[in-house]
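Here are the chains, one letter per residue:
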Amino acid sequence: MASDAIPRDLPRPERLAAILARDGGACVWCGRTLAPGARDLTFEHVIPRLKGGPAWAENEVPACRPCNRRRGHRAPSAFLDDCVARGLTPNRHAIEDSLRRLAEAIAVRGGQRRARPYLERELRRLG
């Protein structure tokens, strides 16, 4: 597993702070600066839970609450396009890194049968 791996047993506030630090301190979709403990700071599951995405740090990125709500269960590639069309500057690199980290974590831990095809499709779409 990568050296930047976030321990699975971290309490939620520390886990969120670690994810925020790892991914640049801002919402991955709109670029709004976020701070640990900020009211609008949320976890965003890159592969939505509804699509089989696990609640693992490898599948989580920081997002502001409005972007998290607006995205819903849309694919990351589709929502990146939506953000760009609205004049935002999403952190495409953080999304791509999250997908790669998740693929590595699934290869090590196994499981996540429902998420695998969705993950592979998104990796292809994002290049």
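Scroll up a little and you will see the structure.
Cut-offs applied
- Residues numbered from 1 in each chain as written.
- Predicted model: local features only at pLDDT ≥ 70, side-chain atom pairs only at ≥ 80, totals over all residues.
- Heavy atoms only, no water.
- Core = buried A, V, L, I, M, F, W, Y, C linked by side-chain atoms within 4.5 Å.
- Buried < 20%, exposed > 50% of the residue type's maximum accessible area, 1.4 Å probe, protein only.
- Helix = DSSP H or I, 4+ residues; strand = E, 2+ residues; numbered from the N terminus.
- Contact = heavy atoms within 4.5 Å.
- Axes fitted to C-alpha atoms, helices over the stretch in contact; angles between N-to-C directions.
- Left-handed = near helix turned anticlockwise from the far one by under 90°.
- Nonpolar A, V, L, I, M, F, W, Y, C, P; charged D, E, K, R; others polar.
- Salt bridge = Lys/Arg side-chain N within 4 Å of Asp/Glu carboxyl O.

Caption draft 1: Focus on the nonpolar core. Residues Cys27, Trp29, Ile47, Ile95 and Leu99 are the most contacted members of the largest nonpolar core, which totals 32 residues. For this core, the secondary-structure elements that each account for two or more residues are helix H1 (12-22), strand E1 (41-45), strand E2 (60-64), helix H3 (76-85), helix H4 (92-109) and helix H5 (115-126). Those residues in contact with cysteine 27, other than ones at most four positions away along the chain, are Arg32, Leu34, Pro62, Ala63, Cys64 and Cys67.

Caption draft 2: Seen up close, the packing of H4 against H5. It is the contact of H4 with H5, at a shortest axis distance of 10 Å, that shows an interaxial angle of 140°. The handedness of the crossing between H4 and H5 comes out as left-handed. On H5, the residues that touch Arg92, Ile95, Glu96, Leu99, Arg100, Leu102, Ala103 and Ile106 of H4 are Arg116, Leu119, Glu122, Leu123, Arg125 and Leu126. Of the residues belonging to the contact of H4 with H5, the class tally is eight nonpolar, no polar and six charged.

Caption draft 3: Representation of unusual backbone geometry in the model. Positive phi outside glycine occurs at glutamine 112, with the angle close to 60°. Judged by its relative accessible area of 23%, glutamine 112 falls in the partly exposed class.

Caption draft 4: Representation of the pattern of salt bridges. One pass over the full model with this rule turns up twelve salt bridges. When the shortest N-O distance is used, the salt bridge between arginine 70 and aspartate 82 registers 3.6 Å. Taken together, the residues arginine 70 in helix H2 (residues 65-71) and aspartate 82 in helix H3 connect sequence positions twelve residues apart. Owing to a relative accessible area of 19%, aspartate 82 belongs among the buried residues under this scheme. A single network of salt bridges, built from pairs that share partners, joins Arg70, Arg74, Asp82 and Arg86.

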